[in-house]
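# Chains, contacts and geometry: an overview
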Amino acid sequence: MDVIKETFEKIKNMEIRGAGRIGRAAANALKMYALKIQHLSNEEFKNRMKKAGEVLVSARPTAVSLPNAVKFVLKGLEDEDPKVGVVKRAEEFINSSLKAIENIGKFGANRIRDGDTILTHCNSEAAISVIKTAYDEGKDIKVFCTETRPRNQGYITAKTLYDYGIDTTLIVDSAVRYFIREIDIVVVGADAITANGCLVNKIGTSQIALVANESRVPFLTAAETYKFHPKTIVGELIEIEERDPSEVVVFEGKYRGIKIRNPAFDVTPSKYIDAIITEVGLIPPQGAWYIIEKYFGWLK
Ligand code: RI2
């Protein structure tokens, strides 16, 4: 169980973070665990794998890539040789995830014009893929990155884009409205997409979407199909993770009485989203139901 516990801890403390990376890390942990298990009956093997899946899924509650990856991999338990099935499906998930990010880059880059200034929030592999692809196509682009308090993942994005040679500006989260006139398009990632086309993403995303909407700036989210939440189609709500207050600030003495809240994600209503960039194409938020039905019908 070492590899499972280790991966659980790394996801929980955000050493491994970003919805896609979490999913791939879980798939890889299941593969490694399966390969280590010896001398068990198929039944015992299946029980151990299911338990391991439950542990991984409990690490963080919001990004649906985590349970979707685990369910995809554990479907391999239905194969004649469950170990081979799990290993095969883990590899398939990881490879198709990387391919999806590449395709999202290509499709999304078609929406970026030469001379555009792009705003992004937090640190999303999928959103960065769109930006880098547009740059690779020779488009003259600039990018504004928000800091993304409290964990400042925007710094990772800013450094990544700057290292790539892209004209990059870092701003505080509260400066989005101030700068929106300089922005041509917003591209963010996704932790989950609901059946009614809402976006669950890093806290602050919905404020950016409101500001973009007010200024008629297109707002796009880059989301692999495994970011779509199958259970929302039967009415389940997505749990928003609330993390430790010490990530925001630690007060001393009498000020310890000040309450601190630290939600990690918020929900952007579908009406503020122009398009969802998936690896199977750009869809309107109204197309979310179709994606869930097509790709996750077996999970309901
Ligand atoms: P990719 C991150 O969550 C951000 O909210 C980001 O937009 C989202 O995952 C998707 O990231 P966190 O793990 O899968 O930093 O596109 O809490 O990399």
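Figured I'd write up the structure that's included with this text. (Residues numbered from 1 in each chain as written. Predicted model: local features only at pLDDT ≥ 70, side-chain atom pairs only at ≥ 80, totals over all residues. Heavy atoms only, no water.)

Take the pattern of salt bridges next. In the structure shown here, the tally under the stated rule is 18 salt bridges. Between Glu-102 and Lys-106 there is a salt bridge; the shortest N-O distance is 3.9 Å. Taken together, the positions of Glu-102 and Lys-106, both in helix α5 (residues 82-109) and four residues apart, correspond to about one turn of that helix. Relative accessible area serves as the criterion here: at 40%, Lys-106 is assigned to the partly exposed category. Shared partners join several salt bridges into a network, and the residues in it are Arg-60, Arg-151, Glu-241, Arg-243 and Glu-247. (Salt bridge = Lys/Arg side-chain N within 4 Å of Asp/Glu carboxyl O. Helix = DSSP H or I, 4+ residues; strand = E, 2+ residues; numbered from the N terminus. Buried < 20%, exposed > 50% of the residue type's maximum accessible area, 1.4 Å probe, protein only.)

Further remarks concern the side chain of Lys-202. Tracing the chain through its elements places Lys-202 in strand β6 (residues 199-202). For the buried Lys-202, no salt bridge is present, and the opposite-charge side chain at shortest range is Asp-191, 5.9 Å distant. Among the polar contacts listed, one links the side chain of Lys-202 to the backbone oxygen of Ala-264, at a separation of 3.4 Å. Beyond its immediate chain neighbours, meaning those up to four positions away, Lys-202 contacts Arg-60, His-121, Cys-122, Thr-148, Gln-153, Asp-191, Ala-264, Phe-265 and Asp-266. (Lys, Arg positive; Asp, Glu negative; His and termini not counted. Polar contact = N/O pair within 3.5 Å; in protein donor to acceptor, adjacent residues only side chain to side chain. Contact = heavy atoms within 4.5 Å.)

Going residue by residue along strand β7 (residues 219-222), you find Phe-219 and Thr-221 tucked away on one face and Leu-220 and Ala-222 tucked away on the opposite face as well. Across three bridges, strand β4 (residues 185-188) lies against β7 in parallel orientation. Residue Val-187 lies in a different strand from β7, and its bridge partner there is Leu-220. (Pairing = 2+ DSSP bridges.)

Further remarks concern the sheet that holds strand β9 (residues 275-278). An order of β3-β2-β1-β4-β7-β9-β10 is seen for the seven strands of this open sheet, with the pairing classed as mixed. Of all the strands in the sheet, just β3 (167-171) and β10 (281-283) have a single pairing partner and so form its edges. Strand-to-strand twist across the sheet, computed as the mean angle between neighbouring axes with direction ignored, equals 25°. Direction of pairing for strand β1 (residues 117-120) relative to β4: parallel, over a ladder of two bridges. For Leu-119, the partnering residue across the bridge sits in β4 and is Val-186. (Axes fitted to C-alpha atoms, helices over the stretch in contact; angles between N-to-C directions.)

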